[in-house]
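Residues per chain, in single letters:
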Amino acid sequence: MKRLVLPCLALLLASAPTSARSESAIFGTVIDVVTRKPLDGVIVTLRSPALTEEQVLLTDGQGCFRFPRLLPGRYALRFEQDHYYPHEREDLQLQEGRSLRAHVELASDPNAPEIW
């Protein structure tokens, strides 16, 4: 039986209080949906009308990412890595003095081209 695994995003919006507006952040981890192992080198893109330009970073060896010192507003996150389905979340609302935590699960794309 051929099973199509779609990307899964379990975004846990834990609004953790912070001490000041400049400490507001969006942070979290990215793991493989099947192996449950952290994914290193996932491209994480943050967009918002509150930003002058989008911010881009890579997850570390533990699959962690962090966008610090954010202003309140609506944000969108996009997660991309070779051989995985990309995933995007567009409805994140960051409040002043709060942070959002995201736990992201990406599914591998069996149709992704092999890169040699």
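Trainee: Give me the lowdown on the pattern of salt bridges, citing residues and values where you can.
Mentor: Tallied over the full model, the rule gives six salt bridges. Here Arg36 ties to Glu105 by a salt bridge, and the two come within 2.8 Å at their closest N and O atoms. Here the residue Arg36 occupies a position in the loop between strand 3 (26–32) and strand 4 (43–47), and Glu105 occupies one in strand 9 (residues 98–106), the gap between them amounting to 69 residues. According to the relative accessible area criterion, Arg36 is partly exposed, its value standing at 44%. Given a relative accessible area of 9%, Glu105 falls into the buried group. The residue Glu88 makes a salt bridge to Arg78 at a minimum N-O spacing of 3.3 Å.

Trainee: If you had to explain the confidence of the model for the chain to someone new, which residues and values would you point to?
Mentor: Mean pLDDT over the chain stands at 83; residues scoring 70 or higher make up 78%. Under a pLDDT of 50 for its full length, residues 1–21 has, in the predicted model, 57 contacts with residues more than four places off or in other chains.

Parameters and conventions
- Residues numbered from 1 in each chain as written.
- Predicted model: local features only at pLDDT ≥ 70, side-chain atom pairs only at ≥ 80, totals over all residues.
- Heavy atoms only, no water.
- Salt bridge = Lys/Arg side-chain N within 4 Å of Asp/Glu carboxyl O.
- Helix = DSSP H or I, 4+ residues; strand = E, 2+ residues; numbered from the N terminus.
- Buried < 20%, exposed > 50% of the residue type's maximum accessible area, 1.4 Å probe, protein only.
- pLDDT = per-residue confidence, 0-100.
- Contact = heavy atoms within 4.5 Å.

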